[in-house]
Amino acid sequence: MARLLSFTAFILSIVASPSNVAAKDGDFLDGGKLVLTNAASSIEGASGGGIATWATISGLETDRGIGVTGHVTVIELPDYGWQSHGVAIGIANRVELSYARQNFDTRDVGTALGLGQGYTLNQDVFAAKLRLAGDLVYGEPLVPQISVGVQHKRNLDGAVTTAVGADSPNGTDFTLSASKLILSRSLLVSATARYTEANQTGLLGFGSAAGKGYDFQFEGSLAYQLSRRAIIGAEMRTKPDNLGLGEDNWMDLFAAFAVTDNVTVTAAYADLGSIATFENQRGAFLSAQIAF
Amino acid sequence: MFSIILTLVMLQESPASNIDWDKEFGVEEKVRDPLTGEFPIEPFAPDNANAGAEPFDNAKMASYFGGHEGIRKIAERTVELSEQDPRISAIFVARDTVRLKRTLFEQFCYLLDAGCDYSGRDMITAHADLGVKMADLNALVENLQKAMREERVPFAVQNRFLAKLAPMSKDVVTR
Ligand code: HEM
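Computed from a predicted structure; not experimentally measured.

A. Summary view of the site of the ligand. Residues and elements named next belong to chain B. Around the ligand sit 23 residues in total, of which Arg95, Arg99, Thr103, Arg121 and His127 are the nearest. Interatomic distance of 2.7 Å between a backbone N/O atom of arginine 121 and an oxygen atom of the ligand. For the shell around the ligand, the secondary-structure elements that each account for two or more residues are α5 (89–92), α6 (97–111), α7 (123–127) and α8 (134–150). It is α6 that provides the largest number of residues to the shell around the ligand, a total of five residues.

Written as structure tokens, this is what we have:
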């Protein structure tokens, strides 16, 4: 009996001693992802490249934690200025919930279109993404990470979207993405199918009064990893032309750099084509993201 | 509740000091091999297939890693960095890292086709009771990347090597 009790005391002293507490897991903002594998923040707030959504889940958490990101993006174009910012939360590297606010400054075009100098179109994007299968880095080399997403967009300038002939100021996009870091080639490959009726991603509303609506569009990214912290690549994104304004496909050439484990900056040359009949909108894309 | 137990415990007579607890619980004392410095392990059949992947078919890989000497440095450094890494050091406590340094070197050397056989256990058996999480694997990969960087292995070559190891994640990560 004495033996048993002193043994109990011994066990209790081990259990109670703080120095024996095992590494904690499942914590808030604990990090754990490899640098850059949380991706940057796309213009719609979901994790991805600059203009394309990827199958990644935002935040630095792994399968037992919760992570968050915040980002700011500016695109400087000949006739317009884009500014967006947003936040995202990643849960267990499985679910991503994000919000982004887009502000599109029409500058002199505002005057030309009768909106007024510097009229700014605004849109809120509420999005959710679910990782269905696979892992961006690990597992079978040719099995990608696959995610589905939904992006609900609310344009705050209904009068303008009606004036340009859109059917609605609000709309919802559905995405299906596959992304993989092909380690043997240091290549990141990502493809997304987007089912959408958004005009200029929604800044000019959704569908057309004339009856044009949902269609499938494609987003693709191809990038080369230069180092643990640096990656360069190209992206493209097809777009519908529901309004008959000559809306173009988008593309960009980007470089992303993880300044620290928590801060990533992305710089790109973006070609957004024709926007509201003003052509050749090519310029500089700059984005900064902080992630935990 | 806890304090009641503690009080009860403290009220007990102290145990006779001549009890051999190892004997009471049938614990066998393990002794390091005087030659290798390693603890003995359960017998098993060594097989290169235990290394978990097919080796590269490319002599350049081994030379990028600095041959045997470079590979040994990288394997040992990875273990040392991990033992010092507060994120995962607990997993290495009470493990035979003398053996691990040798078998990890053999595995890397075998996979890089640098002329070694792998004499260790398979990845499932070796990691079965370690409770490794995904975040632990990422931490270990970072340490391996640091070790390879220190030996000036070009980044693209580091990734090619990691591509060999990445599919083993399912055998190593158990929770
Ligand atoms: C794909 C990744 C990994 C590979 C290729 C790998 C490789 C190995 C090898 C070759 C052994 C030796 C087996 C033997 O001596 O019989 C081993 C054992 C061990 N590994 Fe890993 N390992 C990986 C991931 C990890 C991770 C993530 C951890 C912990 C953070 C870890 C911790 C250990 C420990 C503690 C041992 C010694 C086990 C013992 O002696 O009982 N390994 N590993």
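B. View of the UniProt feature "binding site: heme" (unreviewed entry) in chain B. Residue and element names in this part refer to chain B. Taking the UniProt record as the reference, the feature "binding site: heme" (unreviewed entry) is found at His127. Summarising the element assignment, histidine 127 is placed in helix α7. Aside from chain neighbours lying at most four places away, what touches histidine 127 is Asp171, Val172 and Thr174. In this structure the side chain of histidine 127 is engaged in a polar contact, spanning 2.8 Å, whose partner is the backbone oxygen of methionine 123.

C. View of helix α9 (residues 155–165) of chain B. Across the eleven residues that make up α9 of chain B, a large majority, nine, are buried. Among the residues making up α9 of chain B, those that are buried are Phe155, Val157, Gln158, Asn159, Phe161, Leu162, Ala163, Lys164 and Leu165 of chain B. In this structure, the buried residues of α9 of chain B make contact with β10 (215–225) of chain A together with α3 (59–64), α6, α8 and α10 (169–172) of chain B.

D. The confidence of the model for chain A, seen in detail. Model confidence for chain A is summarised by a mean pLDDT of 92, while 91% of its residues fall at 70 or above. Between residues 10–23 of chain A, whose pLDDT stays under 50, and residues either more than four places distant or in other chains, the model counts five contacts.

E. Just the sheet that holds strand β5 (residues 95–105) of chain A, in detail. Residues and elements named next belong to chain A. Strand order in the closed barrel formed by twelve strands is β3-β4-β5-β6-β7-β8-β9-β10-β11-β12-β13-β14, and the pairing between neighbours is antiparallel. Along the sheet, successive strands turn relative to each other by an average axial angle of 20°, direction set aside. The sheet contact formed by strand β13 (residues 263–271) and strand β14 (residues 282–291) spans nine bridges and is antiparallel. Each bridged residue has a counterpart across the sheet, and for tyrosine 269 the counterpart in β14 is alanine 284.

F. Layout of the pairing of β14 of chain A. In this sheet, β14 of chain A lies alongside strand β3 (residues 66–76) of chain A in antiparallel orientation, the contact comprising eight bridges. Counterpart to isoleucine 75 of chain A in the pairing with β14 of chain A is phenylalanine 285 of chain A.

G. Representation of the pairing of β3 of chain A. Residue and element names in this part refer to chain A. The sheet contact formed by β3 and strand β4 (residues 81–91) spans eleven bridges and is antiparallel. Paired with valine 68 across the bridge in β4 is isoleucine 89. Between the antiparallel neighbours β3 and β4 lie four residues.

H. Molecular detail of the packing of α8 of chain B against α9 of chain B. Residue and element names in this part refer to chain B. The geometry of α8 relative to α9 is characterised by a closest axis approach of 11 Å and an angle of 140° between their N-to-C directions. Taken together, the axes of α8 and α9 lie oblique to each other. When you trace α8 past α9, the crossing you get is right-handed. Between α8, through Val141, Leu144, Gln145, Met148 and Arg149, and α9, the contact on the second element is made entirely by Phe155, Gln158, Phe161, Leu162 and Leu165. Class assignment of the residues belonging to the contact of α8 with α9 gives a composition of seven nonpolar, two polar and one charged.

Here is what the cut-offs are and how they apply
Residues numbered from 1 in each chain as written. Chains lettered and ligands numbered in written order. Predicted model: local features only at pLDDT ≥ 70, side-chain atom pairs only at ≥ 80, totals over all residues. Heavy atoms only, no water. Near = heavy atom within 4 Å. Polar contact = N/O pair within 3.5 Å; in protein donor to acceptor, adjacent residues only side chain to side chain. Helix = DSSP H or I, 4+ residues; strand = E, 2+ residues; numbered from the N terminus. UniProt positions renumbered as here; feature names shortened; annotations may be inferred. Contact = heavy atoms within 4.5 Å. Buried < 20%, exposed > 50% of the residue type's maximum accessible area, 1.4 Å probe, protein only. pLDDT = per-residue confidence, 0-100. Pairing = 2+ DSSP bridges. Axes fitted to C-alpha atoms, helices over the stretch in contact; angles between N-to-C directions. Parallel < 35°, antiparallel > 145°, perpendicular 65-115°, else oblique. Left-handed = near helix turned anticlockwise from the far one by under 90°. Nonpolar A, V, L, I, M, F, W, Y, C, P; charged D, E, K, R; others polar.

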